[in-house]
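Descriptive structure summary
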Amino acid sequence: MTTEFKNYINGEWVAGVESRPNINPSDTSDVIGLYAQADAAQTEGAIAAAQAAFPGWAFSTPQQRFDVLDQVGSELLARREEIGRLLSREEGKTLAEGMGETHRAAMIFKFFAAEALRVGGETLPSVRPGVSVDVLRQPVGVVGLIAPWNFPIAIPAWKIAPALAYGNTVVFKPAELVPGCAWTIAEILSRTALPKGVFNLVMGPGSQVGATLVDSPKVKALSFTGSVGTGRRIIASCAGRQAKVQAEMGGKNPVIILDDADLDVAVNAAVQSAYFSTGQRCTASSRIVVTEGIHDRFVDAVVAKLQTLKIDHALKAGTDIGPVVDQRQLDQNLRYVAIAQKEGGRLAWGGEVVERETQGFYQLPALITETRNDMTISREEVFGPVANVIRVRDYDEALAVANDTEFGLSAGICTRSLKHAAHFKLHSQAGMVMINLPTAGVDYHVPFGGTKGSSYGPREQGSYAREFYTTVKTAYTFPG
């Protein structure tokens, strides 16, 4: 019998208007569970519950907030393998990646538990005698959180934890493809001392749940991670009603390989960046910009590396890369491979669908060479295990090509030149820069975000998260 998982609204588990199956992309016969689907009315109820709970939680003590968030972090750590396995079943990451992401989520909750103790503010002298000035940080109010499917537990964690740490109340909408990890976070929170209504989980379609969150005047801030088109519509809607908005919307990230790079380091950085987690990361480097002196050796070495990788069931021992998340994403990947070839690219390795013991969405990682930066494959985000190589003359051309994109999330360079590394850190038009490292992933205590079309609003993660989840009040005092 398939288990049904409900929404969590105002401290109660609530059935949806219908249910949706959560399917394992490694084995489509494996139904993880049936997950409630809310409509606009249920979402409004969750928003109302969060609004009613806000005054109490906003003035809760730092110790109360610490205790809740630390408890969540501790349980995630204790259940790391169990939850990592669930993550791998519903999203398709390997078990090692699923467990790693669960560990990261746990540390995010623990980091923000500590942040709750140091929200801080400032006391300044006034220019007027005898007057003091306090600059206070206070919570914003009801916060709507909309998460994507590619990091089912880490991204929800880095939205939920700071929202609660700084005294806001939450209505959280996870991606429809991966509700399992989101439900698990909600279930853990339901057993803490969190007052009812402070946290609400509302699963369901963007057209109902997401649209209601975006348009509700009771939602004072909205944090979104997802597609560019949806993000831009959300930004416009929130701006129209003067709500705070934070949006992370993807990238077309470059990694530069210079002639003086250590070949093994460069291959590892490029392959990790482009293909691991099935390339389904907004920080994945799908454009590999290579100077001509190392180009042929690098391409040969990458092909040799790709030939050793095992693409199989996410939970099978020895698997390096799991399946694509669903049929729609697989079709999109194949379409971009075909477009690249039609426009003159050469498929140097992979790209095709493969069969395994279980029915799933398996694709060999694709490496496309002989491409230019004006091709479709270099301009549009694929969001799969598909990368293209662009040959350039030297560092100056490589930097120009890397920056020639509407996006600016992450960028990398492999070089042994301190001169070029230092120059790239300053002149790369990206929010996150990696030197001789994969472009994907940042530590849980540092800011995450990009420039240009990749990001809008304050940064996520680390102490910088307070810029979004708090508002500043200036208070003057004269003793009289």
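Just so we're clear, the structure is a prediction, and the values are computed from it rather than from any experiment.

Some words on the overall build of the protein
- Along the backbone of the protein there are 15 helices and 23 strands.
- Relative to a compact globule of 480 residues, whose C-alpha radius of gyration would be 23 Å, the protein shows 23 Å and is just as compact.
- Counting only C-alpha atoms, the protein reaches 75 × 65 × 40 Å along its principal axes.
- Considering the protein as a whole, with its 480 residues, one finds that 58% of them fall into the buried category.
- Excluding contacts between residues fewer than 6 apart, the proportion of contacts in the protein whose partners are at least 24 apart in sequence is 73%.

Considerations on the sheet that holds strand E6 (residues 121-125)
- The three strands lie next to each other as E6-E7-E23, forming an open sheet whose pairing is antiparallel. Two strands lie at the open edges of the sheet, namely E6 and strand E23 (470-477), each paired on one side alone. The sheet shows a mean angle of 20° between the axes of neighbouring strands, taken without regard to direction.
- Bridging between E6 and strand E7 (residues 132-139) involves five bridges; their strand directions are antiparallel. Residue pairing for E7: Leu124 is matched across the bridge by Val133.

Considering the pairing of strand E16 (residues 366-371)
- Taking burial as the measure, the six residues of E16 include five buried ones, the bulk of the element.
- Of the pairings in the sheet, the one linking strand E15 (residues 346-349) to E16 comprises three bridges and is antiparallel in character. Paired with Trp349 across the two strands is Leu367, which belongs to E16.
- Relative to strand E17 (residues 386-392), E16 runs parallel, the two sharing four bridges. Across the sheet, residue Leu367 finds its bridge partner in E17, namely Ala387.

Side note on the pairing of strand E4 (residues 18-24)
- Bridging between E4 and strand E5 (residues 27-37) involves seven bridges; their strand directions are antiparallel. Bridge assignment links Ser19 to a residue of E5, and that residue is Ala36.

Focus on empty space enclosed by the protein
- Counting across every chain of the model gives two cavities of 30 Å³ or more.
- Lining the largest cavity are 14 residues, and of these Gly279, Ala284, Ser286, Phe383 and Gly384 lie nearest its centre.
- Residues belonging to the lining of the largest cavity are distributed by class as follows: five nonpolar, six polar and three charged.
- Approximately 50 Å³ is the volume found for the second largest cavity.
- Lining the second largest cavity are 15 residues, with Pro254, Ala402, Thr405, Phe407 and Gln429 sitting closest to its centre.
- For the lining of the second largest cavity, the elements supplying multiple residues, two or more each, are helix H13 (395-403), strand E18 (407-408) and strand E19 (410-414).

Some remarks on the packing of helix H9 (residues 263-275) against helix H10 (residues 292-308)
- It is at 10 Å that the axes of H9 and H10 come closest, and there the two elements cross at 55°. When the interaxial angle is binned, H9 and H10 end up oblique. Relative to H10, the crossing made by H9 is right-handed. Between H9, through Leu263, Ala266, Val267, Ala270, Val271 and Tyr275, and H10, the contact on the second element is made entirely by Ile294, Arg297, Phe298, Ala301, Val302, Lys305 and Leu306.
- Residues of the contact of H9 with H10, tallied by class, amount to eleven nonpolar, no polar and two charged.

Scoring rules and cut-offs
Residues numbered from 1 in each chain as written. Predicted model: local features only at pLDDT ≥ 70, side-chain atom pairs only at ≥ 80, totals over all residues. Heavy atoms only, no water. Helix = DSSP H or I, 4+ residues; strand = E, 2+ residues; numbered from the N terminus. Rg over C-alpha atoms; globule rule 2.2 N^0.38 Å. Buried < 20%, exposed > 50% of the residue type's maximum accessible area, 1.4 Å probe, protein only. Contact = heavy atoms within 4.5 Å. Pairing = 2+ DSSP bridges. Axes fitted to C-alpha atoms, helices over the stretch in contact; angles between N-to-C directions. 1 Å grid on protein atoms, 1.4 Å probe; cavity = no way out; pocket = protein on both sides within 12 Å on 5 of 7 lines; lining within 4 Å. Points joined across faces, edges and corners; volume = space filled by probe spheres on them. Nonpolar A, V, L, I, M, F, W, Y, C, P; charged D, E, K, R; others polar. Parallel < 35°, antiparallel > 145°, perpendicular 65-115°, else oblique. Left-handed = near helix turned anticlockwise from the far one by under 90°.

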